[in-house]
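Residue-level structure breakdown
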Amino acid sequence: MQPTHTAQRYVPRMLVILFVTLLAALTMATFSAGSAHADEVGTEFDFTISGNVQFDGEALGDVAIAVSGNGYEADTVTDADGRWAIGVPEKSTYEVTLDEETLPEGVVVTEGSNVIETEFGLTDRRSVNFFLGEGVRNTVSFFDQFVNRFFNGLNFGLLLALAAIGVSLIFGTTGLSNFAHAELITFGALMTLVFSVNFGLPIWLAILIAIALSGALGFSLDAVLWKPLRRKGVAVIPLMIVSIGLSLALRYLYQYFFGGSTSQLPGAGMADLKFGPISLSPIDLASMGISIVVLLAVAYFLLRTRIGKATRAVSDNPSLASASGIDVDNVIRIVWVVGAALAGLSGVLWAYFRPGVSWDMGFQMLLLVFAAVTLGGLGTAFGALVGSLIVGLFVELSTLWLPSDMKIVGALVILILVLLFRPQGILGRKERIG
Amino acid sequence: MDWGAIFGNAAVELISPTTAAYALAALGLAVHFGYTGLLNFGQAGFMALGAYGYAISILTFGFPVWGAFLVGVGASVIFALILGIPTLRLRADYLAIVTIAAAEIVRLLFTTNTFAAVTGSANGLSGYKNEFAALNPLAEGSYGFGPFENNAYDTWLRIVAWSIVILAALFVWQIMRSPWGRVIKGIREDEDAVRALGKNVYAYKMQSLIFGGVLGTIAGMIFALPRAVVPSNYQTTLTFFIYAILLLGGAATVLGPIIGSMIFWVLLSFFSGFISRAVEAGWLPFMTAIQGGQLRFILVGLAIMLIVIFRPQGIFGNKKELAFVR
């Protein structure tokens, strides 16, 4: 599947680069008498990111552009022809930022954001262009921002809960803090990408296949790795370190096959719908709906079905459950399948929320999942749900006050504070923690 | 296939400052995990505090080397207190989650643009080496032989780094034979029994957390001296690599972390040299050079799993002194 994948992604990019180079050559030819770039930065490097800032066919000068990434940072302004170029030391991923403050009045970046992530393809030059349009910026009131962030946070919290319930159930039934859950999350998103983009299946079918495969992965991990280790009597802490090794191996295995780039699932970046102050895309709405339905189904499973009750019994006290005739191994197998399938679904929704599928996307979320599980009380499924919603809301709402590159810090600080004052978590019981 | 270059590059790692830094960090982790049974997953955070504490003290405040050293150590003591106070009374895995979270907080605080003036944000800091180089008593020229030949600064750095590692190893060896060390090992084996003997388990755990953390901090400074301080070096993966080294050598040993670090880096360097040349030579047509680099990390992950499952005491460990707490 790998060759198809690369071919499909590279051919359009090659074409774009060809086209841009042609355009650049033409422009250069036309303006050869004119000035060169007003302020060329990083000319000592071999690789260049460049672009052209225009609005309605008119070049915009003196617009500030900054490039950062990979430990390198540089900025420049566009020249009178609206062109800019920044040299960079390595062929890797960079973030290009257009300072909207420097645009003329009434002009904003309309499509996408003013920050574009770009990655070098086969050539040494990369072109980045922003889509400008008429508009007004930053007129959203604090209350509107708050409501908007609140719904984003709810969406994030719900998808976090899907992953957290799996972590919590696995912890409850086996005592394992599963660090490799991050890779189960990534797996769901990667499989959706493979089946929808590479095999061209409709997205709903691709997601269903990905969830089924995630469940199968959970089943085989339990059968091949965790069950033999439990039989061997390996203690909880070594099991946790094994899961760290597994997480590391799987994560780089994904990078081995899928590369370090970020790809988009079909339909990502759909236009937002407006509901008063709230702007949500149809995908956000679907994501929330799916999460709520699945979470209700899990709740029904845990509270009403025989096997769900058995799961809670094992979670409570494995030896007592075993003595009263519950097949503990079977329960754990089901927990692994359900937990992995939920993680896979969570990964798909996370890929739409971020947005993008990348090899380490699950690992980026893992700490927040652990924070959610600990907040709610280790080993309690409903605690994980409550914890996830709190973490999700907190992460998104904190961007109202904190810079957005620090939004995870807030959630992690809360985690430590909760452990200080209520170590058993919000829904946990005291005897669990000793 | 240039075998000479592959072996030469691998041999360089045997005494490189990076190997020394990982050995010292792993020694700190041996105090935490191997001897006391504390699951510290935030060693990368301690290392980051050491590196940034040193670099910021010199660049922003113009401290001398010893002052910068003390700032780094002081920062890590405070960090250990913050980590320890809420979690050392709780079950072991809480400490794991809190330390991993705290290390990420530290890294994100050094990464954010908000403090870019002091921390250099994602670009990190550099240009703090002159103060250390000025203490160099060696005359200009090159020292050593073969793959171990270095200029005066690099030789000086290696001498200092490995002296610190050896001193720390001797100190850990002695202190673990002392009454204090026996209590520490007792806490690992059975916390309640030690408490029944009237020992303040909480205080002992805190002392162990601070001591191992300070070793990690000094390791962070050694790690920073041959390169720039960049926040992305201090990700959770760094802690996992140190765990791999510790488990390889043996968690409750003094020599284990040091030899483990040498084996780890020599093998890693040998392997990446071999793979990249094998790819160039066309021996591995299904693989690119970049994929070869990732293969290393896949193998590190597999190695962690296999060691824990099949030889939990590591190379130097004693099966009787089990490396793992229950």
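Source: prediction; values computed, not measured.

Looking at the packing of helix 2 (residues 17–36) of chain B against helix 12 (residues 236–249) of chain B
Residues and elements named next belong to chain B. Close contact between helix 2 and helix 12 brings their axes to 9 Å; oriented N to C, the two are set at 75 degrees. Classified by the interaxial angle, the pair formed by helix 2 and helix 12 is roughly perpendicular. Contacts between helix 2 and helix 12 involve Tyr 22, Ala 25, Ala 26, Leu 29, Ala 30, Phe 33 and Gly 34 from the former and Ile 242, Tyr 243, Ile 245 and Leu 246 from the latter. Split into classes, the residues belonging to the contact of helix 2 with helix 12 amount to ten nonpolar, one polar and no charged.

Notes on the pairing of strand 6 (residues 83–88) of chain A
Residue and element names in this part refer to chain A. When you tally the buried positions in strand 6, you get six out of six residues, the bulk of the element. Residues Arg 83, Ala 85 and Gly 87 line one face of strand 6 and the alternating positions Trp 84, Ile 86 and Val 88 line the opposite face, and both faces are buried. Bridging between strand 1 (residues 47–52) and strand 6 involves six bridges; their strand directions are antiparallel. By the bridge assignment, Thr 48 is partnered in strand 6 with Gly 87.

Comments concerning the nonpolar core
One finds Leu 368, Val 369 and Ala 371 of chain A together with Leu 24, Ala 101 and Ile 304 of chain B to be the most contacted residues of the largest nonpolar core, which totals 199 residues. A per-element tally of this core places helix 9 (residues 328–353) of chain A first, with 18 residues. With residues near it in sequence (within four places) discarded, Ile 304 of chain B still touches Ile 241, Ile 244, Gly 245 and Leu 248 of chain A together with Tyr 243, Ala 244 and Leu 247 of chain B. In this structure, Trp 84, Ile 86, Val 96 and Leu 132 of chain A belong to the second largest nonpolar core, which totals 17 residues.

Some remarks on the sheet that holds strand 6 of chain A
Residue and element names in this part refer to chain A. Strand order across the open sheet formed by three strands is 6-1-10, with mixed pairing between neighbours. Looking at which strands have only one partner, the edges of the open sheet turn out to be strand 6 and strand 10 (125–127). Across the sheet, the axes of successive neighbouring strands diverge by a mean angle of 20 degrees, strand direction being ignored.

Let's talk about the UniProt feature "transmembrane region" (unreviewed entry) in chain A
Residues and elements named next belong to chain A. Mapped onto this numbering, the UniProt entry gives "transmembrane region" (unreviewed entry) at residues 150–172, 203–226, 233–254, 285–303, 334–353, 365–395 and 407–427. Spanning residues 150–172, this segment combines 100% helix with 0% strand, and its end C-alpha atoms are found 30 Å apart. Within residues 365–395, the helical portion is 87% and the strand portion 0%, while the C-alpha atoms at the span's ends are 12 Å from each other.

Things to note about the confidence of the model for chain B
Predicted coordinates in regions of low pLDDT should not be interpreted in detail. Residue and element names in this part refer to chain B. With 97% of its residues at a pLDDT of 70 or more, chain B shows a mean pLDDT of 89. Within chain B, no element has a lower average pLDDT than strand 1 (residues 142–143), which sits at 84, and none a higher one than helix 11 (residues 201–224), at 95. Interface confidence for the predicted complex, given as ipTM, is 0.88, next to a pTM of 0.78.

What counts and what doesn't
Residues numbered from 1 in each chain as written. Chains lettered and ligands numbered in written order. Predicted model: local features only at pLDDT ≥ 70, side-chain atom pairs only at ≥ 80, totals over all residues. Axes fitted to C-alpha atoms, helices over the stretch in contact; angles between N-to-C directions. Helix = DSSP H or I, 4+ residues; strand = E, 2+ residues; numbered from the N terminus. Parallel < 35°, antiparallel > 145°, perpendicular 65-115°, else oblique. Contact = placed C-beta atoms within 7 Å. Nonpolar A, V, L, I, M, F, W, Y, C, P; charged D, E, K, R; others polar. Buried ≥ 20, exposed ≤ 12 C-beta atoms within 10 Å, placed from the backbone. Pairing = 2+ DSSP bridges. Core = buried A, V, L, I, M, F, W, Y, C linked by C-beta atoms within 7 Å. UniProt positions renumbered as here; feature names shortened; annotations may be inferred. pLDDT = per-residue confidence, 0-100.

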